Amino acid sequence: MDSKLIPRGLERTTLRNFSLWMLFWVILLGFGLYGAYLCLVEGLNQTNMDNRFVFGLWIFLDLTVIAFGAGAFFTGLLLYVLKRHEFSAVINSAVVIGLICYSGAVAVLAIDVGQPLRAWFTFWHPNAHSMLTEVTFCITCYLVVLAIEYTPILLKNRKLKEIPTFLVFQHELHKVLPILAAIGIFLSFFHQGSLGGLYGVLKGRPFAFREGFGIWPSTFFLFVISAAAIGPSFVMLTTVLVSKISRKKLVKPEILHSLGRISGWILMAYVLFKSIDTLVWINRTSPSLLFSPYEYYNQESFGTWILFAEIVLLGLVPALMLLTKKLREHQGWLVTAGILACGGIALNRFVMTIQTLALPTLPFDAFLSYVPSWQEVATFLAVVAYGVLLYSVSFRYLTLFPQERDLNSLARERHVSVRL
Amino acid sequence: MFPFVYDFRWDTTSLVFLGTFFSVVAVVALMVTAASLRSLKNLRGRKIEAIRWHDMFEDLPAPARACRFSISGSARGRVCHNSFECGGCQMFPHLRAWEQHHRDQHEEVDIRSLGFNLHDDRLYHRGHTWVRQEEDGTCLIGLDDFAKRLLGPTPSIHLPPVGSTLELHGVAFTVQSGISTVRVISPMEGEVIEIGSSEQDWLMRVRPAEEPADTKHLLDGRDARRWIEFEMERLHQLIENPGVGATLADGGTPVEDFSEMRPGTDWDGVLGMMMLDV
Amino acid sequence: MNSSEHLTSQYVMVIDVDRCTGCGACMIACAIENNVSPAHPDATDRTGVTWMRVVKVDSGKNGNGQQARFLPLPCQQCAAQTPCVTVCPQNAVEVDESTGIVFQMPQRCFGCRYCMAACPYHARYFNWWDPEWPEGMEQTLNPDVAPRMRGVVEKCNFCHGRYHAARAAAAEEGHPTSDNVRYEPACAQACPTQAITFGTLADEESGVGELIRSATAFRILPKLGTEPRVYYLSELKWIRQLAEREKELPTGEEVHG
Amino acid sequence: MSSTLTRRNILKLAGGSVLGFLLSPMPWKTLDDVSIWTQNWSWIPKVPRGPITHKFTSCSLCPSACSVKARMTSGKPVSLWGLPGTEIRRGALCSIGLAGHHLAFHPTRIRETVRVKKLVEGVTFDPVSPDDLVAHLATILREIQSHPREGTFALLDGRPGGMTSDMHRLIMSHLDASTYILPDAYDGCFMEALGEMTEEPTAQYGLNLSRTRTILNFGASLFEGWGSSPQVLEQFRSRRNELTIIQVDPQRSASAVCANHWIPIKPGSETAFALGLANVIIRERLHDPSMTARAVDLDRSKPFSFMDLTRQFPPSRVSSLTEIPEQLIVETARQFASDKPAIALADDFSGEVLHRIVWGLNALVGAIGKEGSVSHKHQLPRPWKEYQQAPVTRLSEIPDHSIRLLIVDGSLTDSTIPWSTLHRKLRSENCTVVHCSPYQPQQADLIDYIFPVHAPYETYRDTPTGSYSRKTGFSISAPLWNGPQGTCEAWQLLQRIVTTAGISLKGGLAGLQPSNLLRSQTDAIFHAKRGALHLPAVNETVPVIEVTSSDEFHAAILDGAVWSDEDVAPPSSGKFLFLGKSVAASETLVRSVLATGNLASRDANEFPLLLVPVDREVASRFAQVSPIMSKLYQESGLKPSPQIAHIHHETAERFDLVDNGKVVIRSTHGSTEAVLRFDGSVRPDTVEVSASKIDTIRSRHGALPQASEIMGHAGREQWNHLMFVRIERA
């Protein structure tokens, strides 16, 4: 029925199955949007945040999602700047993921602030010294860039490209993509970094505060590296996931492997820097503010295990896995490593957001706890649902994996060449 | 935000920061405008057909893009990167020369290959059209047997009006067969001067853009024979029916309509793949 | 006590902890003065708005030896690298160089709450609800201060309304508007034991200059380098050590801030 | 082809229009409007505008009666500030006083006469016409007059001592079968207990703590934040180290925090502790002979003697009863007896027994009538004589099931009205209870009608001079608001009922209005020609003799002037009683004393925890507080929130309870929900629950004070009443 929209020669499930799949996520989205609506209309009293726990699930979600979205800029880097053409096989998918992550994050931010209608004040009276300003500006710009990068993919839809204007426009856009990608890389570098800086600059929060280089605390660079590290992993994971769900070969396995390898190297570097940073923090930064680092971990819920998990279990281990050829080329291990790596970064973002706020700063203060309200969780789910929906539509009607056609006649190619 | 507007801070950080921001915005805007302007230019300059062909060629699976010399066996596994425009291919002259030299002159051409009529006076195009150059310099264009069988007995063919121009690898005309419509790629550049009638084998008479018409990219009967085998092979793989392959391979008479061979396949997809229209 | 970073024209608050009886008059006076509304039914000690907040500080020991004091916590009006100012994305927080008052512009704030995360003293409050007064009580609002709305951050500003009123009055009396006037924040006025002293270092009569140099003066978390403009006085060693984090701290359980 | 063209045109059109729109002022205007709108929402109240004026008056919420300077915008108060006034008015308003001008708008305000309907799902208030009510009550009153046996008429005065009380008594003196009742515990009853022990019951006593060196405090309000002694606050402020405060308190109240020593005593064993101190003082001969010489029943002279009593409380026994180390008891006694002037104080609501013993302690160390402790003061000059007024009867002296018509004057106090005792005194059927209050009562189960009376600052009101002022004084709180239509003072209701009943009132009482009542009062003071008048507006004090006319005096009073009486010569060396006036009285006292300490019989497994009602001051003293008090009670941990119970973490662990966990607290009287917080300062095996009925806005949504939920009436009337509870996870 919608076959005229599906790219020629790509097999997709029936419209009925597709609709059922979509229906589930639409319902989830609807539920989530209701929660978000409450937060917008009734105010943030709908959440379980408070004057002491000013950030919660949402900011954690934003940080994580944006780190995952880094795949878009990093694949762009590999493809357009380092000219690793094999990655053109995943760039479209990476762009869609990026778009989803960033638009999702921005949407949640808009709900998270008390007066969304005033959000544009940040552009009107920007405080260039604030990391948040940097974040806001970069993310907004990068979202635009991603939208532009998504346009050609969209316009190349079988039906749309029959309109000459679209056909030609996407063709021309394609030519300027390298430059846009370069800008995207620039922006990503800064906002991934300033997201880290967000906490690193908080001298009033000795648990998060870090010394740095120039105006940027060390977390700035750690966030950039960590994002770059899991960007490829996340692209790899999504690709595997999609091909499992759609039961299709989408890219040549070598590409997934090299994504894993790159991820591994950067993750290794991250673990190294993170360890150095932690040592400096424990031995110099924190004590200099008269905060003994051991106070931070005397809550059994937030014990030193968290540090171990963050650096070793979900950092070093997946890095080594990804760097061992044998494991990497076994899909099971590859995926496990990818999941561990992503988990590690998520944990890092969690610690930066939640633990920072949970720990007391005032000497006569107590350890705080926070559990998100259903409205917060709902809004969180809305973003997930939105992501799945947008990706599913894109996957069905657009060419996200150019190699898919080839791979579905891979066997034949060999066969043919034999007969020649 | 803007200098001299209320509450603008003149410190270095702000200036650097906003400077960077505005330049980023500028570059992005510039890129988009550039793209739009060039698109407008292209739209006016009638580059649409070329662009369509090039973009589409990118999306074709590797087998469909196999180099003619890899089909003829002279350059194994070579894939065309020049969208079948042999004229512009730097390898073409060498390969052609090599082939001329090594080809067995005495090999007689079986014009009935796998039950397809191949005419020696026709030049074949990878999009399953043929071109015949007449004495008067005009050319006749038609669909080859393979295409006819792909499209089935009663395809409805929509030809362009007399006087319209064809572009190389542009859409010559469209054929509708069943639910699916395919664009048939024009094997040459020129102006349509006559439309063939139903009893004739050809579909249109074209006055080539330049005399003599450039035919480098077309296959003569000899190349065509290997090519047809190759195409059969591709077809089998697509409709996934080894059985058919067998019967055809030993020269049995193929069915009149391929679509009858394997009901239930994504026939629209198959057509697209075979007729180079995705 | 180092106070070099304060210009003599800047206001300083000195709170005598040993004089505080924890009666809460300052909190109420502050709320009334600054048109802070009564709590929303669902508000808690973590979602309320108390610009001035008196916390009970505990020496940590149990049983008879146990000691406690009340510690009033207004915005500390940090003089150096003021955390909330640098982080605000849209310049909604400003430090008035002449008075040293850290001023929050609620009409510009868009409620990202980054400043609250940045504030080590937890002196900033978010309006989780729209302010609501029982019917008729809005007649008792202070005409000098505009009520805020849901979704913005607010905090103590040393009774800015009173400052401006005092400036205006001084101007009428023909004082040059440049020099800083003497005035008293609501909390200082309300304190039954006059535990709160307020004034500029230039203002000898206020005596703040002398007090902050006294041996019993201290500030909270001085090592953070925020140079608060709110000083505390106490004869008790333990409370000073606690505030300055000079020794190992009691665990959260015995502490009730 | 043509279709493409149109498409292109459409695109062109769209692009063009977008561009045009952006170039038009419209989007910018919209942005501007949005930003303006987001900065002032229509439903956020606007501040009042108008000329700023000031008015001097005084606060009538508690007997401290602070002088007040009200800031007014166009004639309406926007803030109240304390005035450093005379020595008998502590010019520093407490948090409750600072928000006094809010009280007229309290969410629980009663604005019209209502009938109380008790339904299963709760009480409802249905408006009735005040005239009908008056007529109805008048008929009942007439019946009572004609058939006294059918039951009597009684009026209970929530806070005695003011002009209002005088009016009640004057009017009631014209009625038969009617009694003017005081509750057994009320503001200032601790001081009155002293009157019971000397031979001059009408004598007025005041505390004079400006030079006191030791205060032994059994839970009286020194630093609770309200009703505190100005002299103590002054000593605390000036940080003079002469004063040593020893706080005997089961819970670390504000006073305990500010005191020099806190003795965390086992709840209910205060009397034993006091007797233990007396025991040590007598044994070590630390007592003051000049005082004990006057004592009638110190030793052997009567069947029941104070010494016999104390002998039964040696430190060893007291230590086991109170869980206070013997050594500490001895040391405390020595300090109290040696570091003089010293005085022992007790909470008004801690019960007659403790009051007696505490005064006994004071007598032992000779603290009565001495500089720096208790001093005599004049009666306030009244425009009428004692004999014109109906006699005062204590509630306990009223025979059970005798009252047919009861009027309760709860205009200033609410939670201390002894409903359960009243219940016993009321006729079981066909009796009518009218509650005069500005607010919905805490317990409405006995009430038939509520008659709306003025909230603070809605009429002229005086306050009886409190215990903490060493001189008699007079000032009034002037109206800052006009009360709702039909509100008046309780005595005016009584006046209407009586006149409607056709009983003639002598001495112009029939036509008396608050204004001329006040005038006659000020005239009385003026003609006494005593004391001085402090004029806040000019901050001057002029002797009354220098005031030219009664008009001037009256005008000054209306403008917030404070009259303070002159000092009184030291008291005559009359006899002094430690125990009771009669043998019987002494016996009951001794019995009840001996009963203290051995805790009420209970099932220790059923109710293992002892309930410590905290924040009793507010509960006992105030009819209502401003919703803004949520800052102290709900939005910060400063004062005990009615929704939060405190417990020691070790105790909690024994019952497997978690910090900040929701719990249900059960007693024999009922149960309530609370959030449990750990606090290292709470005594083991006790749980601290707020006794106060702070009506923040939250209470509109039905949250009742917890102690009253689970302590039952008796608990609410006497805080020393022990109550055991059990806590379970909700």
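Residues numbered from 1 in each chain as written. Chains lettered and ligands numbered in written order. Predicted model: local features only at pLDDT ≥ 70, side-chain atom pairs only at ≥ 80, totals over all residues. Heavy atoms only, no water.

Caption draft 1: Spotlight on unusual backbone geometry. Residues and elements named next belong to chain D. For the peptide bond that leads from lysine 340 to proline 341, omega is -5 degrees, which places it in the cis range. Note that proline 341 resides in the loop between helix H13 (326-338) and strand S12 (342-346). With a phi close to 65 degrees, tyrosine 457 is a non-glycine residue in the positive phi region. With respect to the helices and strands, tyrosine 457 occurs in the loop between strand S17 (449-452) and strand S18 (461-462). If you check the backbone angles, aspartate 656 has positive phi at about 55 degrees while not being a glycine. Here aspartate 656 lies in the loop between helix H22 (649-654) and strand S26 (661-667). For aspartate 656, a relative accessible area of 49% puts it in the partly exposed group. (Helix = DSSP H or I, 4+ residues; strand = E, 2+ residues; numbered from the N terminus. Buried < 20%, exposed > 50% of the residue type's maximum accessible area, 1.4 Å probe, protein only.)

Caption draft 2: Structural context of the packing of helix H3 (residues 70-81) of chain A against helix H7 (residues 164-200) of chain A. Residues and elements named next belong to chain A. Following both chains from N to C, one finds H3 and H7 inclined at 135 degrees, their axes separated by 9 Å at the closest point. In this view, H3 runs oblique relative to H7, as classed from their interaxial angle. The handedness of the crossing between H3 and H7 comes out as left-handed. Here Ala70, Phe73, Gly76, Leu77, Tyr80 and Val81 of H3 lie close against H7, whose contacting residues are Leu177, Pro178, Ala181, Gly184, Ile185, Ser188 and Gln192. A breakdown of the residues in the contact of H3 with H7 according to their chemical character gives 9 nonpolar, 4 polar and no charged. (Axes fitted to C-alpha atoms, helices over the stretch in contact; angles between N-to-C directions. Parallel < 35°, antiparallel > 145°, perpendicular 65-115°, else oblique. Left-handed = near helix turned anticlockwise from the far one by under 90°. Contact = heavy atoms within 4.5 Å. Nonpolar A, V, L, I, M, F, W, Y, C, P; charged D, E, K, R; others polar.)

Caption draft 3: Molecular detail of the confidence of the model for chain C. Residue and element names in this part refer to chain C. Mean pLDDT over chain C: 88, with 90% of residues reaching 70 or higher. Across residues 249-257 the pLDDT falls below 50, and counting only partners more than four positions away or on other chains, this stretch makes 24 contacts in the model. Confidence estimates for the predicted assembly give a pTM of 0.90 and an ipTM of 0.89. (pLDDT = per-residue confidence, 0-100.)

Caption draft 4: How the structure looks around the interface of chain C and chain D. Opposite the 74 residues of chain C that make contact, chain D presents 67 residues. Counting each side, the surface lost to burial between chain C and chain D is near 5,900 Å², with a carbon and sulfur contribution of 60%. By the criterion of area lost to chain D, the three top residues of chain C are Ile28, Gln139 and Pro143 of chain C, representing 11% of everything that side buries. Joining chain C to chain D, the criterion identifies 3 salt bridges. Between aspartate 45 of chain C and arginine 677 of chain D there is a salt bridge whose closest N-O contact spans 3.2 Å. Across the contact surface, chain C and chain D share 23 residue pairs in polar contact (both at pLDDT 80 or more). When residues of the side of chain C that touches chain D are traced back to their parent elements, those giving at least two are helix H1 (25-33), strand S2 (53-58), strand S3 (68-73) and helix H5 (186-190) of chain C. Examining the composition of the side of chain C that touches chain D, we find that 7 residues originate from one element, H1 of chain C, more than from any other. Tallied by class, the residues present in the side of chain C that touches chain D amount to 31 nonpolar, 22 polar and 21 charged. (Buried area = accessible area lost by both parts, 1.4 Å probe. Salt bridge = Lys/Arg side-chain N within 4 Å of Asp/Glu carboxyl O. Polar contact = N/O pair within 3.5 Å; in protein donor to acceptor, adjacent residues only side chain to side chain.)

Caption draft 5: Looking closely at the nonpolar core. Within the largest apolar cluster, 335 residues are counted, with the highest numbers of intra-cluster contacts made by Phe218 and Trp359 of chain D. Looking at this core, the element that brings in the most residues is helix H8 (residues 218-246) of chain A, giving 15 residues. Sequence-distant contacts of phenylalanine 218 of chain D, that is, excluding residues within four places in its chain, are made with Val248, Glu270, Phe273, Ala274, Leu345, Ala346, Asp347, Leu354, Val358 and Leu361 of chain D. (Core = buried A, V, L, I, M, F, W, Y, C linked by side-chain atoms within 4.5 Å.)

Caption draft 6: A look at a nonpolar patch on the surface. Residues and elements named next belong to chain A. Among the surface-exposed residues, Phe31, Tyr34, Tyr37, Leu40, Val41 and Trp374 lie close enough to one another that they form a single nonpolar patch of about 610 Å² accessible area. At 5 residues, the largest contribution of residues to the nonpolar patch is made by helix H1 (residues 15-42). Here valine 41 shows up in helix H1. (Patch = residues over 30% accessible without salt bridge, like charges linked within 9 Å, V, L, I, M, F, W, Y side chains within 5 Å. Areas by Shrake-Rupley, 256 points an atom, 1.4 Å probe, with all protein chains shown as cover.)

Caption draft 7: Just the sheet that holds strand S15 (residues 403-409) of chain D, in detail. Residues and elements named next belong to chain D. Judged by pairing direction, the sheet is mixed, and its 8 strands sit side by side in the order S5-S4-S17-S16-S15-S6-S7-S14 without closing on themselves. Both edges of this open sheet fall to strand S5 (122-127) and strand S14 (392-394), since each of them pairs with a single strand only. On average, each strand axis in the sheet is tilted by 30 degrees relative to the strand beside it, whichever way the strands run. As paired strands, strand S7 (residues 178-182) and S14 are joined by 3 bridges and run parallel to one another. (Pairing = 2+ DSSP bridges.)

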